[in-house]
Structures are given as C-alpha cells and as structure tokens.
Amino acid sequence: MEDCSGRRKTRRIQIGRIPIGGGAPVVVQSMTNTETKDVRRTINQIKRLAKAGCEVVRVSVRDRKDAEALFRLKEKSPVPLIADIHFDYRLALVAIEQGVEGIRINPGNLPSSRIRDIVAAAMERGTVIRVGVNAGSLEKELWHKYGGPTAEALVESALNHVKRIEDMGWTQMKISVKSSHVPTMIEAYRRLADSTDYPLHLGVTEAGSLINAAVKSAIGMGVLLYESIGDTIRVSVTGDPVSEIPIAFSILRALGIRMVGPEIISCPTCGRCEINVPALVKKVEKRLEGIKENIKVAIMGCVVNGPGEAREADVGIAGGKGMGLLFKKGTVVEKLKEEEIVERLVKEVWTMINKTEANE
Ligand code: SF4
C-alpha cells in the first residue's frame, strides 16, 4: 500500500519506533499548540494528530512545568514525542530525563558552554537531536557575514552546530534550515543535501493560514521531495495542527512518494453538473477520515464524462437527476438514489479494505 523508493541516501536515525532516513518512508510530523503543562488538552491534541496519521509530535517546552509534564504525556502518547527547547539548556536536560524520544534545539540560542551537557544527556538516553536553525534566530556573526539569513548563512550555521555535536560523539541527529521565504528554504536544503548525509526535516516556517500554508508547503517541500531531498516533513498551519496532516499526505501522494489514506478525486463541476458535488465530497471525506489504506474514490458531477474522467478510481459516483451512477474502475455497475450515495461509497471502501486485509 505504501511506496517509498529512490530517495536521497541518508543515514538512518530512530525516533522511538519510527525510523527516519536511510530509505524509510518520509515521516509526517506536527506540533501541538496547547500549553504543554496542560496535560489533558495536550494529550487530546496529540491523539487527534495521531488519529489523522501524524507519526511524530513536537511539543513546546517553555518552562520547568512544561518539561516536567513530558513523562505523563509520553506515557499516554501513541506516537514519539519531540521536546522543542529554546534559550534554557536546563529544560533540555529535564526533557531528556523525562524520556522524550527527541529534542529540537537551535544551538545558536543556547549557551555554547552548555551544549556539551545536553549532548552528554542525549547520548546517555539515546535521545535524537534535531538541529533546527531558522532565519529568525541566526547567529549575529553569520547575519553580518552574509548580510542576512541567506541560504548559505542558514546552512553554515546548521553545519557548524552539527559538527560540534558530532565532535562530542553523538550522531543521532537530523537537521532543519527552515525559512518563511520559499526560494531561500529550497536553496538552503539543496545546499545542505549536497553537504551532509544526516536526515533532513523539511518545513516552511510561518506559512500562514490553510490555503497559504498548503501552497507554500506544496511548493517548497514539493520541489525538494521531487528531487528526493527530505526524510521527514512538517506543514505549518496557523490554527488547528490537525489540518496540517492531510496537506502533508497530499503532498507526498501527489509526488508518488507515500500513498496513505483514501484519495478523493472530484470534478470541478460545470454547467452539466447534476448533483451537489462539494457537499458530497465534504461528507465522504469526513466519513473516510483516519483510514490509512490507499483507495481512490471519485465523485463526479454528471454521467456524460464522469466515469470516463475518473477511470483510474477504484470506486466512484457520477451524478444524474436525483440519482448517482455507481461505477468501479470506469464501468457503471448500479444506479443509486441521491440520498444513498454517501453510505454506499463508504460501504464500498470498507469492503475493499476488508478484501485486501483478507488477502494479505
Ligand atoms: Fe462537468 Fe461532468 Fe466533468 Fe463534472 S464530470 S466537470 S459535471 S462534465
């Protein structure tokens, strides 16, 4: 059901049970936006993310209470957790002690003399470190040297930090060089990919609300993934992080990298349309949420072109006056009343899933 081939060769790291790099499927991540110390709300959001298909979740650690909540979160979380830490190295030490699978640091905003303490603790517990450099927190010297947060500056910063951690003996690392400027982000990751074989975590920062985030991420990450750069991705959306997950999987699916979850193919509608395609799409999408199997479902507005246009769909509907024609692989098999359409499509999808499972 899942395809992962021809990726750039990177070394393999392991975030808990999730492998990253070294030929593993590109991993989809997200980040909670609750207060981490509010364990009930945070674990609810982590579970919603996991249900949507998110495989690794990052949580922000702003103070000691956040850090001390990590053990309880970890106990209840269905996916590995990454603690996001800035400025206070002691929070990194507490987070590692609490047993999180990874920490994300930007060594540029931590006291240089304390990086060794963090690395020693990570080595002892086997904690993965993401060196996450971004434009907003570039070191002053590099800012002056390059005249701003250019791609070269981000890459130099990241590689310097990686080299220091490597010299301390730890190689369970991944790297990100995010920027909100898509061309800079693309160039930075390309340069990074030419210089290192550590797994790369792709992302466009401050990407904005849903449409902007989807477009910027699809372009930025899409270009890189197409060039086989990137081992794990995070789409950043202002708002509910759960909305990031379908975007991430759509990007991977569009490139044929990972085919996870049902794909709804729907026509744009035109003057021939005879059923309410947008409403049907919304209902069917909702009903198929959380399914991981790769099944193509078509919802087409008319019988003239519908089945033909969606020939590659496993199952689909082509609208007629007050009814829909059910078709499979482009061939019409039954006529349904309009009110039967959603239930029937969902039933057909489950029948296919059950058949596949029985054959495995
Ligand atoms: Fe128009 Fe029919 Fe094509 Fe939809 S399937 S765009 S309604 S011709």
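From a predicted model like this one, the values you see are computed outputs, not experimental measurements.

Novice: What should I look at first to understand the domain arrangement of the chain in this one?
Specialist: Here the chain is described as being made up of domain 1 (13–254) and domain 2 (263–359). Here domain 1 and domain 2 have C-alpha centroids that lie 38 Å from each other. Across the boundary between the two partners, domain 1 contributes 4 residues, which contact 4 residues of domain 2. For the pairing of domain 1 and domain 2, the buried interface totals around 300 Å² over both sides, and the portion due to carbon and sulfur atoms is 41%. By the criterion of area lost to domain 2, the three top residues of domain 1 are Lys-51, Gly-53 and Arg-253, representing 94% of everything that side buries. Across the domain 1-domain 2 interface, the total number found is 1 salt bridge. Two residues, Arg-253 and Glu-263, come together in a salt bridge whose shortest N-O distance is 3.3 Å. Among the residues making up the side of domain 1 that touches domain 2, the classes are represented as 1 nonpolar, 1 polar and 2 charged.

Novice: In this structure, what is going on with helix 11 (residues 277–288)? I would like to understand it.
Specialist: Residues three or four positions apart in an α-helix share a direction because the helix packs 3.6 residues into each turn. The first and last C-alpha atoms of helix 11 sit 16 Å apart over 12 residues, in line with the 16 Å expected at 1.5 Å per residue. Within the sequence span of helix 11, burial applies to Val-277, Leu-280, Val-281, Val-284 and Leu-288. Taken end-on, helix 11 shows its buried residues confined to a sector of 100 degrees, consistent with a single buried face. Pointing more than 90 degrees away from the buried face of helix 11 are the exposed residues Pro-278, Lys-282, Lys-283 and Lys-286. At its buried positions, helix 11 is contacted by strand 11 (263–266), strand 12 (296–300) and helix 13 (341–359). Looking at where helix 11 begins, the residue whose side-chain oxygen comes 3.2 Å from the main-chain nitrogen of Ala-279 is Asn-276. Count one or two residues on from helix 11 and you reach Gly-290, which has phi positive near 90 degrees.

Definitions and limits used
Residues numbered from 1 in each chain as written. Predicted model: local features only at pLDDT ≥ 70, side-chain atom pairs only at ≥ 80, totals over all residues. Heavy atoms only, no water. Domains from an automatic or database assignment. Contact = heavy atoms within 4.5 Å. Buried area = accessible area lost by both parts, 1.4 Å probe. Salt bridge = Lys/Arg side-chain N within 4 Å of Asp/Glu carboxyl O. Nonpolar A, V, L, I, M, F, W, Y, C, P; charged D, E, K, R; others polar. Helix = DSSP H or I, 4+ residues; strand = E, 2+ residues; numbered from the N terminus. Expected span 1.5 Å × (residues − 1). Buried < 20%, exposed > 50% of the residue type's maximum accessible area, 1.4 Å probe, protein only. Arc of directions from axis to C-beta. Polar contact = N/O pair within 3.5 Å; in protein donor to acceptor, adjacent residues only side chain to side chain.

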